[in-house]
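An overview of the molecular structure
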Amino acid sequence: MNYAANPCTIFLNPDLASLRVKLGVLFSGGKDSVFACYRAAERDEIACLITLVSENMDSYMFHTPNISATAWQAVAMGLPLLSWPTHGEKEAELMDLKDAVAAARDRFGIEGVVTGAIESVYQATRVQRIARDLDLWCFNPLWQMNQVDYLRLLLSKGFRVIISGVFAYPFDASWLGAELTEEMILRLAELQKRYQINPSGEGGELETFVLDGPNFQSRIEILKATRSYGNYRGHFVIEEMRLVKK
Amino acid sequence: MILLVDLCFEQESLSRPEFVDPIADALRRAGFSCKVHHFTELKEDEPENYDRVILCGTALRDNAYVGQLEPFSWIKSCKKPILGICAGMQVIGAVFGGRIVPQPVIGMEKIEIVMKSPLLGVPREIEGYHLHDFGVSVPTGFRVLAESREHVCAFQHDRWPVYGVMFHPEVRNRWILERFAKLR
């Protein structure tokens with residue numbers, strides 16, 4: 001068989017051998033983007049974190065509670081952070097994301113982006129299109145993971161995760177600021193059966209913030225925080241924190 | 001035992017958790033055992049040691065497999081059921097003489113099943129997740145099972161249980177993987 005004559009060979013990318021890609025991680029400070037960063041760093045180079053700071057608390061794409069605290073996490077992880085503002089308006093925010101990724105490419109030389117998408121086709125599709133438009137790789141290392149197994153993996157790897165926001169029934173104020181434990185995972189799995197919530201909160205039911213993990217050189221200690229809650233919506237806002245060397 | 005062939009640009013790439021592991025997870029949760037081999041490490045007669053074979057997809061920019069079709073020459077002589085997903089369908093098509101052609105689609109798309117088959121069932125409309133810049137022309141000896149916006153979404157060999165789907169059944173259509181695993 002003469003495969004060399006096949007016209008498909010014109011599409012071959014010659015740069016793939018022993019590829020170690022310089023990556024920018026779309027970073028919200030929540031467990032999914034932190035874990036995606038951890039996974040990506042196991043084999044590729046993380047050049048920067050990219051955070052979209054949304055003015056809209058109900059953004060379709062971007063996590064909002066404690067978004068300014070990503071600067072502390074970046075220091076704790078020893079990585080540069082590109083922080084980019086957005087009004088957080090549906091679809092228009094995608095242009096802001098594209099601009100932010102393009103800026104990361106220009107400033108840090110990234111060749112690809114990493115997301116923490118698990119099941120959200122909405123998010124994954126839009127980031128894939130942006131990456132293609134900018135001629136970048138797109139990696140989703142958590143894609144389609146079983147959510148309960150994933151939460152357990154976070155614990156087994158040593159990540160410390162707190163609930164920084166609740167946005168759906170039946171989550172009450174007691175969840176705010178609570179740390180992810182095996183007991184909490186069992187409760188989330190039960191709520192998945194009863195109410196069809198996503199245990200990892202990817203449907204917008206929960207938001208999280210990571211205090212520590214195997215890819216953190218320092219852990220984050222919360223010194224002061226406030227809770228606000230009403231009608232199954234609430235925020236745990238970190239007002240003062242410090243880094244503690246590990 | 002089902003053989004999953006990883007078509008990503010290198011072994012243990014960052015794409016494997018996205019394009020191979022979800023298929024393995026879906027099959028294991030449905031009660032089927034499977035083993036992953038990267039396409040570059042597959043010996044020609046090795047697929048015969050398995051009950052069936054799935055060629056997995058790759059990232060949008062990853063087309064390393066296209067220039068290395070020699071490791072897939074076993075496809076033509078393999079007696080076991082084979083399913084190619086996205087890049088895997090392109091490989092099957094190319095091995096049987098089809099042409100890989102530009103066909104960019106990203107996201108959920110309506111898919112019209114146009115012919116009854118053991119893999120996809122009776123004609124009807126479903127939705128599937130696409131992630132590809134290229135598709136493949138239908139080689140001689142294959143029939144079209146499904147279409148979308150004038151593109152071929154699935155095909156089957158006329159005589160052998162060799163299938164290809166351009167969309168990713170591991171996303172919202174895991175029933176297709178289970179049907180393939182149960183094919184007689």
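Everything numeric here is computed off the predicted structure, so don't read it as measured data.

What counts and how
- Residues numbered from 1 in each chain as written.
- Chains lettered and ligands numbered in written order.
- Predicted model: local features only at pLDDT ≥ 70, side-chain atom pairs only at ≥ 80, totals over all residues.
- Heavy atoms only, no water.
- Helix = DSSP H or I, 4+ residues; strand = E, 2+ residues; numbered from the N terminus.
- Rg over C-alpha atoms; globule rule 2.2 N^0.38 Å.
- Buried < 20%, exposed > 50% of the residue type's maximum accessible area, 1.4 Å probe, protein only.
- Contact = heavy atoms within 4.5 Å.
- Areas by Shrake-Rupley, 256 points an atom, 1.4 Å probe, with all protein chains shown as cover.
- Lys, Arg positive; Asp, Glu negative; His and termini not counted.
- Charge placed at Lys NZ, Arg CZ, Asp CG, Glu CD.
- Axes fitted to C-alpha atoms, helices over the stretch in contact; angles between N-to-C directions.
- Left-handed = near helix turned anticlockwise from the far one by under 90°.
- Nonpolar A, V, L, I, M, F, W, Y, C, P; charged D, E, K, R; others polar.
- Salt bridge = Lys/Arg side-chain N within 4 Å of Asp/Glu carboxyl O.
- Pairing = 2+ DSSP bridges.
- Arc of directions from axis to C-beta.
- Polar contact = N/O pair within 3.5 Å; in protein donor to acceptor, adjacent residues only side chain to side chain.
- Phe/Tyr/Trp six-rings, centres within 6.5 Å; stacked < 30°, edge-to-face > 60°.
- Lys NZ or Arg CZ within 6 Å of the ring centre and 35° of its normal.
- Disulfide = S-S within 2.5 Å.
- Buried area = accessible area lost by both parts, 1.4 Å probe.

In this section: the overall build of chain B. From N to C terminus, chain B includes 4 helices and 9 strands. In terms of overall size, chain B behaves like a compact globule, its C-alpha atoms giving a radius of gyration of 15 Å where 184 residues would be expected to give roughly 16 Å. With the C-alpha coordinates aligned to their principal axes, the bounding extent of chain B is approximately 35 × 35 × 30 Å. Taken across its 184 residues, chain B has 62% of its residues classed as buried. Of the contacts formed within chain B by residues at least 6 apart in sequence, a portion of 71% connects residues at least 24 apart. Roughly 7000 Å² of accessible area belongs to chain B as shown, and the carbon and sulfur atoms make up 46% of that amount. Charge-centre separation for chain B: the mean point of 22 positive side chains lies 7 Å from the mean point of 24 negative side chains.

Right, let's get into the packing of helix α2 (residues 21-29) of chain B against helix α4 (residues 174-182) of chain B. Residues and elements named next belong to chain B. One way to put it is that α2 packs onto α4 with a least axis distance of 10 Å and a crossing angle of 65 degrees. Judged by the sense of rotation from one axis to the other, the crossing of α2 with α4 is right-handed. Judged by residue contacts, Pro22, Ile23, Asp25, Ala26 and Leu27 of α2 engage Arg174, Leu177 and Ala181 from α4. Considered class by class, the residues forming the contact of α2 with α4 number 6 nonpolar, no polar and 2 charged.

Now for the pattern of salt bridges. Residues and elements named next belong to chain A. All chains considered together, the criterion is met by 20 salt bridges over all chains. Put simply, Arg219 and Glu221 hold a salt bridge, and the shortest N to O gap is 3.6 Å. Residues Lys224 and Glu239 are paired through a salt bridge, measuring 3.7 Å at the closest nitrogen-oxygen approach. Linking Lys224 in strand β8 (residues 218-230) with Glu239 in strand β9 (residues 233-245), this pair joins segments that are 15 residues apart in sequence. The partly exposed category is assigned to Glu239, whose relative accessible area is 40%.

Two faces belong to every sheet, and in a regular strand the side chains alternate between them. All names here are of chain B. Burial within strand β2 (residues 34-38) is extensive, with 4 of its 5 residues counted as buried. Sheet analysis places strand β1 (residues 2-6) next to β2, joined by 5 bridges and oriented parallel. When the bridges of β2 are listed, Asp6 appears paired with His38.

This part takes up helix α5 (residues 147-157) of chain A. All names here are of chain A. When α5 is considered as a whole, its buried residues turn out to be Gln147, Val148, Tyr150, Leu151 and Leu154. The arc that holds every buried residue of α5, seen down its axis, measures 165 degrees, which confines them to one face. Where α5 is buried, its residues contact α1 (31-41) and α6 (182-195). Looking at where α5 begins, the residue whose side-chain oxygen comes 3.2 Å from the main-chain nitrogen of Val148 is Asn146. Gly158 sits one or two residues past α5 and shows a positive phi near 95 degrees.

What follows covers unusual backbone geometry. Leaving glycine aside, a negative phi is the common case for residues, and trans is the common case for peptide bonds. Residue and element names in this part refer to chain A. The omega torsion across Tyr169 and Pro170 is 10 degrees, close enough to zero to call that bond cis. In this structure, Asp135 is a non-glycine residue whose phi angle is positive, near 60 degrees. For Asp135, the position within the fold is in the loop between α4 (121-133) and β5 (137-139).

All names here are of chain A. Taken as a whole, this structure holds 13 aromatic pairs over all chains when the rule is applied. Between Tyr169 and Tyr232 the ring centres are 4.9 Å apart and the planes differ by 75 degrees, which places this aromatic pair in the edge-to-face class. Of the two residues, Tyr169 is situated in the loop between β6 (160-166) and α6 and Tyr232 in the loop between β8 and β9; the sequence distance between them amounts to 63 residues. Look at Tyr232 and you get partly exposed, because its relative accessible area is 34%. What links up through ring pairs into an aromatic cluster is the set Phe35, Tyr38, Tyr150 and Phe159. The side chain of Arg126 reaches across the aromatic face of Tyr122, ending 3.8 Å from its centre.

The next point concerns the state of the cysteines. All names here are of chain A. Counted according to the given criterion, the structure contains 0 disulfides over all chains. Between Cys37, a free cysteine, and Cys48, which holds the nearest cysteine sulfur, the sulfur-to-sulfur gap is 9.9 Å. Residue class for Cys37 comes out buried when judged on its relative accessible area of 2%.

The pairing of strands in a sheet comes from backbone hydrogen bonds and takes either a parallel or an antiparallel form. The strand order across the open sheet formed by 9 strands is β2-β1-β3-β4-β9-β8-β7-β5-β6 (chain B), and the pairing between neighbours is mixed. Only two strands of the sheet have a single neighbouring strand rather than two, namely β2 and β6 (124-136) of chain B. In this sheet, adjacent strand axes meet at a mean angle of 25 degrees when their direction is disregarded. Contacts from α4(A) reach β5 (100-113) and β6 of chain B within the one sheet, and its direction differs from that of β5(B) by about 165 degrees. Contacts between α2(B) and the sheet are confined to β1, β2, β3 (52-55) and β4 (82-85) of chain B, with β1(B) contributing the most and set at about 170 degrees to the helix.

The next thing to look at is the interface of chain A and chain B. At the interface, 36 residues of chain A touch 43 residues of chain B. Regarding the contact of chain A and chain B, the summed buried area is about 3300 Å², with carbon and sulfur atoms giving 60% of it. On the surface where chain A and chain B come into contact, there are 4 salt bridges. Close ionic contact of A:Asp149 with B:Arg29 constitutes a salt bridge, the shortest N to O distance being 2.5 Å. Applying the counting criterion to the chain A and chain B interface returns 8 residue pairs in polar contact (both at pLDDT 80 or more). Every element with two or more residues in the side of chain A that touches chain B is listed here: α1, α4 and β5 of chain A. Here the side of chain A that touches chain B gets 6 residues from one element, more than from any other, and that element is α4(A).

Let's shift gears to the sheet that holds strand β7 (residues 206-212) of chain A. All names here are of chain A. Ordered in space as β7-β6-β9-β8, the 4 strands form an open sheet in which the pairing is antiparallel. Looking at strand neighbours, the two that pair on one side only are β7 and β8, the edges of this open sheet. Looking at each pair of strands side by side, their axes are set apart by 25 degrees on average, direction ignored. Relative to β9, β8 runs antiparallel, the two sharing 12 bridges. The residue bridging Thr226 from the neighbouring strand is Val237, located in β9. Across the sheet, helix α2 (residues 70-77) lies against β7, β8 and β9, angled at about 35 degrees from β9, the strand it touches most.

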